Amino acid sequence: MNHIEREDVHIVSRHSNLGKKRVAGILEANIYNNKEAWQKFLQLFFITLGVGFTVAGVIFFFAYNWASLHKFAKIGLVEALILVTTGLIFLPKLNTNTRNIILTGAAALVGVLFAVFGQVYQTGANAYDFFLAWVVFITLWTVVSNFAPLWLLYLLLVNTTIILYTQQVAKDWDEIFIFTLLFVVNTLVLLGFILLYKYKKDLHTPGWFLNTIALASLTYATIGMVIGVFEGNAGSFPFLVLFTIIAFAAGILYGLKARKLVYLSIIPLSSIIILSALLLKTSDDGSMLLFVCMFIIGSVTLVIRGLLSLQRQWAIETSHKVLADQHEKNENEN
């Protein structure tokens, strides 16, 4: 009963002899948040808010007092903040989540340090060098903490580094190859986290984190496919098509097996966008535009209808499992 939702409990209550007290107990134990859960949420929320405001305050402090500060004071203040922040992590009374939140703030301050250093000494480096150094120096913290928000910051910096590198250094790379590279990198990261969560149950990976990576990966694939359809670039476009077909098929199979509706919704949506681009490539007259509009409306309707049907089917299967577990428990008690 680890994945029970409110609708499942209501279905079970309508098709079983569970009393109101028993249903209320199930809702209280599995659905509703108790006082301790709200206290934990508010504690983490205010700690996160405080760390975020502190980092923002540091940035605005340097922006406002930049001209009046000596260069050693500028760098020294940021370094001192990083040392103090990382030192707080070793306080024995802090729990793991609080330590990880503080470490995420320290990782953000590392970027502030590199930004201040670059402005003081006018290194003249490309923008991607700044983000690359930021990625390198927080890699160990990210891996050791295994904290989803810090991983999200890390992946954001990695993607930014790749994009800026292609714009400032590898200017001869075609646009479709860039989106293919970003799509493959993010897909491999997503696959790695899914496999890690599957074989190491003690390492918790939040669903919102995996969904964010999946959405980013799918966005790169969709944009690259649309560009390839309209430009007709045969360079790396066939590879993008091959990778997209493999990833989309694997995502649908995984969504059905793991019962993840997010994959079964964003992948068809991306496919609809790509097919609409193919239709508009053939013709852009009024009749084709009308047909594409009708195609989008009809296909989105079918996708929503299929998702609702799957959701009902999974809810019924879950309710049957709950009923079987309850029946087995009653027999054991008798």
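Our structure is the block above this text.
Described below are features of the structure shown in this document. Along each chain, residue indices are assigned from 1 in the same order as the chain's sequence is written. Since the coordinates come from a predicted model, pLDDT governs what is reported: local features require at least 70, and pairs of side-chain atoms require 80 or more to be given and counted, while whole-chain, interface and lining totals use all residues. The basis for every side-chain value is the complete set of heavy atoms in the structure, and neither hydrogens nor water enter the calculation.

**Side note on the layout of surface pockets**
Each pocket or cavity is described by its volume, and for the second largest pocket that value is around 520 Å³. Along the wall of the second largest pocket there are 20 residues; nearest its centre are Thr187, Leu190, Ala247, Ala250 and Gly251. Contributions of two or more residues to the lining of the second largest pocket are made by helix 8 (175–199), helix 9 (207–231), helix 10 (237–258) and helix 11 (261–282). Residue composition of the lining of the second largest pocket, grouped by class: 17 nonpolar, three polar and no charged. A 1.4 Å probe that fits into a set of points on a 1 Å grid over the protein atoms alone but cannot get out defines a cavity; an open set with protein on both sides within 12 Å along at least five of seven lines defines a pocket, and lining residues are those with an atom within 4 Å of a point. Grid points are joined across faces, edges and corners, and a volume is the space filled by probe spheres set on the points. We count a stretch as a helix when DSSP gives it H or I for four or more residues in a row; a strand needs E for two or more, and each element gets its number in order from the N terminus. Residues were grouped as follows: Ala, Val, Leu, Ile, Met, Phe, Trp, Tyr, Cys and Pro as nonpolar; Asp, Glu, Lys and Arg as charged; and all remaining residues, including Gly, as polar.

**Here we look at the side chain of threonine 98**
When you line up the elements, threonine 98 lands in helix 5 (residues 96–121). Within the local environment of threonine 98, its side chain forms a polar contact with the side chain of asparagine 95, the two groups lying 2.7 Å apart. A 3.5 Å cut-off defines polar contacts: any pair of N or O atoms within that distance qualifies, except that in protein one atom must be a possible hydrogen donor and the other a possible acceptor, and neighbouring residues in sequence count only when both atoms are side-chain atoms.

**Digging into the packing of aromatic side chains**
Only Phe, Tyr and Trp rings are paired, with Trp represented by its six-membered ring, and only when their centres lie within 6.5 Å; those with planes under 30 degrees apart are stacked, over 60 edge-to-face, the remainder tilted. Scanning the entire structure with this criterion turns up 13 aromatic pairs. Note on phenylalanine 114 and phenylalanine 137: the rings are 5.3 Å apart at their centroids and 55° apart in plane angle, and the pair reads as tilted. Residue phenylalanine 114 is located in helix 5, and its partner phenylalanine 137 is located in helix 6 (residues 127–145); the two are separated by 23 residues in the primary sequence. Relative accessible area serves as the criterion here: at 24%, phenylalanine 114 is assigned to the partly exposed category. Accessible area is worked out with a 1.4 Å probe on protein chains only. A residue is then buried under 20% of its type maximum, exposed over 50%, and partly exposed in between. For phenylalanine 137, a relative accessible area of 55% puts it in the exposed group. Pairing tryptophan 151 with tyrosine 154 gives two aromatic rings, centres 5.6 Å apart and planes at 85°, and the pair type is edge-to-face.

**Section: the environment of glycine 306**
Secondary-structure assignment places glycine 306 in helix 12 (residues 286–333). Sequence separation between glycine 306 and serine 265 is 41 residues; the distance between their C-alpha atoms is 9.7 Å.

These figures come from the coordinates and say nothing about function on their own.
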